[in-house]
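Topology and contacts: notes
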Amino acid sequence: MYPLKNVESMKNMPKKQRKDKTYCLGIESTADDFGVGIASFTGEILANKSDSYIPAEGGIHPREAARHHAEVADKVLNDALSAAGVKPRDLSVIAFSQGPGLGPCLRTGATVARALASYLNIPLVGVNHSVAHIEIGKLKTGVVDPVTLYASGGNTMVTAFESGRYRVFGETLDIALGNCLDVFAREAGLKHKKGLPLGAAVERLATEGKNLVSLPYVVKGMDLSLSGLLTATTALLHRGSCRLEDLCYSLQENAFSMVTEVTERALAHTEKEEVLLTGGVAANKRLQSMLSVIAQEHDARFNVVPLEFATDNGAMIAWTGVLAYRHGLVTPLEESFVKLRWRVDKVDVPWIQ
Ligand code: AMP
Ligand code: MG
């Protein structure tokens, strides 16, 4: 994963610095959120600030989102540093989301990270965004070796650690779970009320659904497909024959059952004792309850990442930067190019035994 050149290992650090006064600043910018987090080397999250791009209409426009990130970077950085009570010169490492994600957005975060690391003359660590969602979930819930369902606006996968990496047991073959909910919400004319995500608007309406409408349920082996479900639900919406509440309810029931089925099979296969739900869609209570049922049936503990760390955030990048750096991993500037399709199963995670 990370080039092992120019490694400044912990062993060379003064003892005091190794312990408490060592901080990593992490920058997240894979899609609509620009986030900055600060983590200590002992796992305290000292700051987690972000600013989200909300399109006037339609989905995320990558260049518009990147422009938003460039505009707010300075403010979010300053907010994070002052919330943490940390001066730039107190930082030991800069971490950034190197991929996967939208090119223009990733490049903006990487540019800020490179500039900071060069100016402060400290190492840079490129972090895999999906690994970071899993690691922050583990840090914040205390789980050690879970089967993880990571479901967000851009990713949907079931992973578990095996032989040095997080292996993908199942994933979406087309669109992500959060994206499926967001597109349907936009088709239905739902808005980001008080900055709330569109998925939360679908969740609220779904609680008032009474009739389960028949919709496609597509699990292929261990993978799943959500685009047919989205098309069918949208077609019913435009036909006007079903209540919106019933459609939100049925869309959720089908999509969540699909990801839960795959998670359950991964759990049965790996016989792990923990289930972790992470990513923006982890906020959804109905999804949480479906997963907690299958976890219980397999005598596994169910854990969900706290809301603040569910959606894309800088803290998860800072913490994963700490894990990588503590294992002597850094990313030289000339290898800090962004990786738009960087899969989680291509990343070595040497901090896990
Ligand atoms: P992320 O990509 O991790 O930043 O997460 C954003 C995604 O999470 C978007 O697709 C949101 O609509 C979705 N999301 C946030 N809250 C909820 C919720 N309560 N129910 C379903 N989806 C949600
Ligand atoms: Mg996001």
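Structure first, text after, so check above.
Throughout what follows, the structure given in this document is the object of discussion. Keep in mind it's a predicted model, so treat the numbers as computed, not measured.

Comments concerning the packing of helix α6 (residues 198-206) against helix α8 (residues 244-270)
Where α6 meets α8, the closest approach of the two axes is 7 Å, and the angle between their N-to-C directions is 110°. When the interaxial angle is binned, α6 and α8 end up roughly perpendicular. Classified by chirality, the crossing of α8 by α6 is left-handed. Touching V202, E203, L205 and A206 of α6 are L244, E245, C248, Y249 and Q252, all from α8. Classifying every residue of the contact of α6 with α8 by side-chain character gives six nonpolar, one polar and two charged.

Section: the environment of N211
Considering the arrangement of structural elements, one finds N211 in the loop between α6 and β9 (219-220). Within polar-contact distance, the side chain of N211 engages the side chain of D246 at 3.0 Å.

Comments concerning the sheet that holds strand β3 (residues 45-52)
Spatially, β3-β2-β1-β4-β5 is the arrangement adopted by the five strands of the open sheet, whose pairing is mixed. Across the chains shown, the open sheet's two edge strands, defined by having one partner strand only, are β3 and β5 (124-128). Strand after strand, the sheet turns through a mean of 20° between neighbouring axes, direction not considered. As judged from the five bridges shared by strand β1 (residues 23-28) and strand β4 (residues 91-99), these two strands associate in the parallel manner.

Quick notes on the side chain of E274
Note on placement: E274 falls in strand β11 (residues 274-278). E274 gets classed as buried once you look at its relative accessible area, which sits at 8%. In terms of polar contacts, E274 uses its side chain to reach the backbone amide nitrogen of V144, at 3.0 Å. A polar contact of 2.7 Å, which involves the side chain of E274, links it to the backbone nitrogen of D145. Beyond its immediate stretch of four places on either side in the chain, E274 contacts V143, V144, D145, P146, V147, L267, A300 and R301.

Considering the coordination of the magnesium ion (ligand 2)
D32 (OD) and D33 (OD) make up the full set of protein donors to the magnesium ion (ligand 2), lying at 2.2 to 2.3 Å. Looking at D32, the relative accessible area reads 23%, which means it is partly exposed.

Here we look at the pairing of strand β12 (residues 301-304)
In this structure, β11 lies alongside β12, joined through four bridges in parallel fashion. Across the sheet, the residue bridging to E274 is R301, located in β12. Crossover β11 to β12 through helix α9 (residues 285-297) is right-handed.

What to know about unusual backbone geometry
A cis amide bond links G99 to the next residue, P100, at an omega of -5°. Here P100 is to be found in the loop between β4 and α3 (103-120). One non-glycine residue with positive phi stands out, namely S163, at about 50°. Position of S163 relative to the elements: it lies in the loop between β7 (156-162) and β8 (165-171). Judged by relative accessible area, S163 falls into the exposed class, the value being 57%. Despite not being glycine, E271 shows a phi value in the positive range, around 55°. When you line up the elements, E271 lands in the loop between α8 and β11.

Thresholds applied
- Residues numbered from 1 in each chain as written.
- Chains lettered and ligands numbered in written order.
- Predicted model: local features only at pLDDT ≥ 70, side-chain atom pairs only at ≥ 80, totals over all residues.
- Heavy atoms only, no water.
- Axes fitted to C-alpha atoms, helices over the stretch in contact; angles between N-to-C directions.
- Helix = DSSP H or I, 4+ residues; strand = E, 2+ residues; numbered from the N terminus.
- Parallel < 35°, antiparallel > 145°, perpendicular 65-115°, else oblique.
- Left-handed = near helix turned anticlockwise from the far one by under 90°.
- Contact = heavy atoms within 4.5 Å.
- Nonpolar A, V, L, I, M, F, W, Y, C, P; charged D, E, K, R; others polar.
- Polar contact = N/O pair within 3.5 Å; in protein donor to acceptor, adjacent residues only side chain to side chain.
- Pairing = 2+ DSSP bridges.
- Buried < 20%, exposed > 50% of the residue type's maximum accessible area, 1.4 Å probe, protein only.
- Donors = N, O, S within 2.8 Å, 3.2 Å for Na, K, Ca; no water.
- Right-handed = clockwise from strand over helix to strand, strands pointing away.

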